[in-house]
Amino acid sequence: MSRTPADLVNAVELAGRGARLERRLGLSQLPRVGEAGALDGTQVTAQLEFGIFEDRVTVAVQVQGEVILPCQRCLRPCACTLEESATLAAIERDSEEVPGGYEPLLGDPERLSVTGVIEEQVLLGLPLVPMHE
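Residues numbered from 1 in each chain as written. Predicted model: local features only at pLDDT ≥ 70, side-chain atom pairs only at ≥ 80, totals over all residues. Heavy atoms only, no water.

S.K.: Would you take a moment to explain the sheet that holds strand β5 (residues 77-91) for this structure?
M.R.: Pairing between the strands of a sheet comes from backbone hydrogen bonds, and it takes one of two forms, parallel or antiparallel. An order of β2-β3-β4-β5-β6 is seen for the 5 strands of this open sheet, with the pairing classed as mixed. Bordering the open sheet on either side are β2 (20-26) and β6 (103-106), each of which pairs with just one other strand. On average, each strand axis in the sheet is inclined to that of its neighbour by 35°, with strand direction left out of account. Note: strand β4 (residues 56-70) against β5, 13 bridges, orientation antiparallel. Opposite Thr58, over in β5, you have Ala89 as the bridge partner. With respect to the sheet, helix α3 (residues 114-125) is in contact with β2, β3 (43-53), β4, β5 and β6, its orientation differing from that of β5 by roughly 125°. (Pairing = 2+ DSSP bridges. Helix = DSSP H or I, 4+ residues; strand = E, 2+ residues; numbered from the N terminus. Axes fitted to C-alpha atoms, helices over the stretch in contact; angles between N-to-C directions. Contact = heavy atoms within 4.5 Å.)

S.K.: For this particular structure, what's the right way to read the environment of Glu22?
M.R.: Considering the arrangement of structural elements, one finds Glu22 in strand β2. Judged by relative accessible area, Glu22 falls into the exposed class, the value being 51%. Residues Glu22 and Leu48, spaced 26 residues apart in sequence, show a C-alpha to C-alpha distance of 6.4 Å. Residues contacting Glu22, with those up to four places away along its chain left out, are Ala46 and Gln47. (Buried < 20%, exposed > 50% of the residue type's maximum accessible area, 1.4 Å probe, protein only.)

S.K.: Before we go on, may I ask you to explain α3 in this structure?
M.R.: Note on helix geometry: an α-helix contains 3.6 residues per turn, so any two residues three or four positions apart are oriented the same way. Counted at 1.5 Å a residue, the expected span for α3 with its 12 residues is 16 Å, and the 17 Å between its end C-alpha atoms agrees. Buried residues of α3: Val114, Thr115, Gly116, Val117, Ile118, Glu119, Gln121 and Val122, and no others. (Expected span 1.5 Å × (residues − 1).)

S.K.: Explain the pattern of salt bridges here, please?
M.R.: It is possible for side chains of opposite charge to pair when their charged atoms get near one another. Using the criterion set out here, one finds 6 salt bridges in the structure. The closest approach of N and O atoms between Glu13 and Arg17, which form a salt bridge, is 3.6 Å. Highlighted residues: Glu13 and Arg17, both in helix α1 (residues 11-17), separated by 4 residues, approximately one helical turn. Classification of Glu13 by relative accessible area gives partly exposed; the value is 46%. Between Arg20 and Glu49 there is a salt bridge whose closest N-O contact spans 2.8 Å. Of this pair, Arg20 sits in strand β2 while Glu49 sits in strand β3, and the two are 29 residues apart along the sequence. On the basis of relative accessible area, Glu49 is assigned to the partly exposed category, the value being 41%. Through salt bridges with shared partners, one network takes in Arg20, Glu22 and Glu49. (Salt bridge = Lys/Arg side-chain N within 4 Å of Asp/Glu carboxyl O.)

All we've got here are geometric facts, nothing functional implied.
Okay, structure coming up:
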(Lines give C-alpha, C1' and ligand atoms only; values in the text may rest on other atoms or scores of the structure.)
Protein backbone atom coordinates (compact mmCIF):
# COMPACT_ATOMS: atom_id res chain seq x y z
CA MET A 1 0.00 0.00 0.00
CA SER A 2 1.40 3.38 -0.89
CA ARG A 3 1.33 5.83 1.95
CA THR A 4 -0.63 9.05 1.52
CA PRO A 5 1.03 12.41 2.24
CA ALA A 6 -1.23 12.80 5.32
CA ASP A 7 0.18 9.53 6.68
CA LEU A 8 3.80 10.68 6.38
CA VAL A 9 5.02 12.89 9.23
CA ASN A 10 8.27 14.63 10.08
CA ALA A 11 9.13 12.78 13.29
CA VAL A 12 12.15 15.05 13.86
CA GLU A 13 9.88 18.08 14.10
CA LEU A 14 7.30 16.23 16.20
CA ALA A 15 10.01 14.97 18.58
CA GLY A 16 11.34 18.49 19.03
CA ARG A 17 7.87 19.56 20.19
CA GLY A 18 7.23 16.44 22.26
CA ALA A 19 4.09 15.89 20.18
CA ARG A 20 1.48 13.19 20.64
CA LEU A 21 -0.66 11.74 17.84
CA GLU A 22 -3.73 9.53 18.06
CA ARG A 23 -5.18 7.45 15.25
CA ARG A 24 -8.11 5.08 14.87
CA LEU A 25 -7.70 2.60 12.03
CA GLY A 26 -9.84 -0.10 10.48
CA LEU A 27 -8.86 -3.15 8.49
CA SER A 28 -8.93 -1.30 5.15
CA GLN A 29 -6.08 0.93 6.40
CA LEU A 30 -3.99 -2.05 7.60
CA PRO A 31 -3.37 -4.20 4.50
CA ARG A 32 -0.59 -6.32 6.05
CA VAL A 33 -2.90 -7.17 8.96
CA GLY A 34 -5.50 -8.27 6.40
CA GLU A 35 -2.87 -10.43 4.69
CA ALA A 36 -2.18 -12.02 8.09
CA GLY A 37 -5.80 -13.20 8.21
CA ALA A 38 -7.70 -10.39 9.95
CA LEU A 39 -11.36 -10.02 9.05
CA ASP A 40 -13.84 -7.15 8.74
CA GLY A 41 -14.62 -5.54 12.06
CA THR A 42 -10.97 -5.15 13.04
CA GLN A 43 -10.46 -1.75 14.71
CA VAL A 44 -7.44 -0.36 16.55
CA THR A 45 -6.65 2.88 18.33
CA ALA A 46 -3.06 4.03 18.70
CA GLN A 47 -1.17 6.74 20.53
CA LEU A 48 2.30 7.80 19.44
CA GLU A 49 4.43 10.04 21.64
CA PHE A 50 7.50 11.57 20.02
CA GLY A 51 10.63 12.53 21.90
CA ILE A 52 14.42 12.72 21.74
CA PHE A 53 16.95 10.55 23.55
CA GLU A 54 20.71 10.78 22.95
CA ASP A 55 20.10 12.89 19.82
CA ARG A 56 17.78 10.25 18.36
CA VAL A 57 14.11 10.55 17.56
CA THR A 58 12.06 8.24 19.74
CA VAL A 59 8.47 7.09 19.45
CA ALA A 60 6.50 5.48 22.26
CA VAL A 61 3.67 3.52 20.65
CA GLN A 62 0.60 2.07 22.34
CA VAL A 63 -1.99 0.15 20.33
CA GLN A 64 -5.30 -1.15 21.67
CA GLY A 65 -8.23 -2.65 19.90
CA GLU A 66 -9.92 -5.71 18.61
CA VAL A 67 -8.64 -7.84 15.76
CA ILE A 68 -11.10 -10.28 14.23
CA LEU A 69 -9.36 -13.50 13.21
CA PRO A 70 -10.61 -16.96 12.20
CA CYS A 71 -10.79 -19.26 15.24
CA GLN A 72 -8.39 -22.15 14.76
CA ARG A 73 -10.92 -24.60 16.25
CA CYS A 74 -14.17 -23.72 14.49
CA LEU A 75 -12.98 -21.26 11.79
CA ARG A 76 -15.70 -18.74 12.76
CA PRO A 77 -14.68 -15.13 13.41
CA CYS A 78 -13.04 -14.66 16.80
CA ALA A 79 -12.54 -11.26 18.45
CA CYS A 80 -9.01 -11.01 19.87
CA THR A 81 -8.19 -8.15 22.22
CA LEU A 82 -4.99 -6.37 21.32
CA GLU A 83 -2.81 -4.35 23.69
CA GLU A 84 0.70 -3.78 22.40
CA SER A 85 3.31 -1.15 23.22
CA ALA A 86 6.88 -0.40 22.26
CA THR A 87 9.48 2.30 22.63
CA LEU A 88 11.28 2.87 19.34
CA ALA A 89 14.39 4.81 18.32
CA ALA A 90 14.65 5.95 14.70
CA ILE A 91 17.63 4.75 12.70
CA GLU A 92 18.31 5.21 9.00
CA ARG A 93 20.63 2.20 8.50
CA ASP A 94 20.70 -1.32 9.95
CA SER A 95 24.29 -0.76 11.03
CA GLU A 96 23.34 2.00 13.50
CA GLU A 97 23.14 1.10 17.17
CA VAL A 98 20.00 1.64 19.19
CA PRO A 99 20.21 2.92 22.77
CA GLY A 100 19.42 0.39 25.49
CA GLY A 101 15.71 -0.08 26.17
CA TYR A 102 14.70 0.94 22.65
CA GLU A 103 13.74 -1.11 19.63
CA PRO A 104 14.92 0.01 16.17
CA LEU A 105 12.62 1.93 13.86
CA LEU A 106 14.29 1.72 10.47
CA GLY A 107 13.56 4.49 7.98
CA ASP A 108 13.76 8.19 7.29
CA PRO A 109 12.49 10.01 10.41
CA GLU A 110 11.57 13.02 8.29
CA ARG A 111 9.11 10.86 6.30
CA LEU A 112 7.74 8.45 8.89
CA SER A 113 4.60 6.48 8.07
CA VAL A 114 2.34 6.65 11.12
CA THR A 115 0.17 3.83 9.77
CA GLY A 116 3.26 1.72 9.09
CA VAL A 117 4.41 2.05 12.71
CA ILE A 118 0.95 1.17 14.02
CA GLU A 119 0.55 -1.74 11.62
CA GLU A 120 3.88 -3.23 12.71
CA GLN A 121 2.78 -3.16 16.36
CA VAL A 122 -0.55 -4.78 15.49
CA LEU A 123 1.25 -7.58 13.65
CA LEU A 124 3.57 -8.13 16.61
CA GLY A 125 0.58 -8.36 18.95
CA LEU A 126 -1.46 -10.92 16.99
CA PRO A 127 -2.03 -14.22 18.79
CA LEU A 128 -0.24 -17.25 17.35
CA VAL A 129 -3.37 -19.40 17.63
CA PRO A 130 -6.59 -17.38 17.82
CA MET A 131 -9.41 -19.31 19.53
CA HIS A 132 -12.70 -18.63 21.28
CA GLU A 133 -12.46 -18.92 25.06
